[in-house]
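Residues per chain, in single letters:
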Amino acid sequence: MAIDMLSTFIKPMHREGKKFVAIFAGVTLLLFLIWEPLGWIGVLLTVWCYYFFRDPVRITPTREGLIVSPADGVVSLIEPAVPPAELGMGPEPMTRVSVFMSVFDCHVNRAPIGGTVTAVAYRPGKFLNASLDKASVDNERNALAIRLADGRQIAVVQIAGLVARRILCDVKEGTPLLTGERFGMIRFGSRLDVYLPEGVEPLVSIGQVMTSGETVLADLTSTEARRSGAAR
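None of the values given here were measured: they were computed from a predicted structure.

Asks: Any chance you could explain the pairing of strand β3 (residues 94-101) here in plain terms?
Replies: Across a regular strand the side chains alternate sides, sitting on one face of the sheet and then on the other. For β3, a buried count of seven out of eight residues is recorded, marking the element as mostly surrounded by other parts of the structure. When strand β2 (residues 73-81) meets β3, the two strands line up antiparallel, connected through seven bridges. Paired with Glu79 across the bridge in β3 is Arg96. Taken together, the seven bridges between β3 and strand β11 (residues 190-196) define a ladder with antiparallel strand orientation. For Thr95, the partnering residue across the bridge sits in β11 and is Leu196.

Asks: I tried to follow the UniProt feature "active site" in the protein chain on my own but got confused; where do I start?
Replies: Under the feature "active site", the UniProt entry names Ser190. Along the chain, the position of Ser190 falls in strand β11.

Asks: Mind showing me how you'd approach the pairing of strand β10 (residues 182-187) here?
Replies: Burial analysis of β10 places five of its six residues in the buried class, which makes it a mostly covered element. Relative to β10, strand β4 (residues 108-110) runs antiparallel, the two sharing three bridges. In the sheet register, Arg110 faces β10, and the bridge partner there is Arg182. Across four bridges, the pairing between strand β8 (residues 166-169) and β10 is antiparallel. Paired with Arg166 across the bridge in β10 is Arg187.

Conventions and cut-offs
Residues numbered from 1 in each chain as written. Predicted model: local features only at pLDDT ≥ 70, side-chain atom pairs only at ≥ 80, totals over all residues. Heavy atoms only, no water. Buried < 20%, exposed > 50% of the residue type's maximum accessible area, 1.4 Å probe, protein only. Helix = DSSP H or I, 4+ residues; strand = E, 2+ residues; numbered from the N terminus. Pairing = 2+ DSSP bridges. UniProt positions renumbered as here; feature names shortened; annotations may be inferred.

Right, dumping it as structure tokens:
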């Protein structure tokens, strides 16, 4: 039981975070030498840095057709939009679901559904607040097209935010992905857009809290109408 309790507080850390935690820890030691109260502030910032780069194990639902959230955060937008032109997915609008990640969310990104990566396209841009609609067009981004087993495609776009200055993507064209599999991360505060295939309605609502790799975002096999939500 003690091990299980410990695991609820101490999570694995993404490899990208090790150097940052080391830097924060080194600065903290210097702050203690300068003035002890500053050192304790450094301790808090070092703990936050570890927390930001946490990479917890997620239990992904595996029923065929389920699309899961690629990011932790809050659904900020649901609207029709044309996928990034650099993916070559055509000019027709698809339903876009945007998940905004604050600096307190886990920033490891996961594949929304299993398939084969058919395109990876990076585009430089601005660093506007990622919760804004125009961030999808104006901000720095990295877009993936994933071909599903039935031939349909889904797009996933990593978008840098106001604080984010680094998009990491660990996959390339031709990489096979499993639903919920890690494919990258963004530092620090950002957004993930998912473009759903035609006729697939999102099963989430604006304002809903999402858990990457676990929360069901849509179902390819469902005929359920788009959901709406209300704050309680």
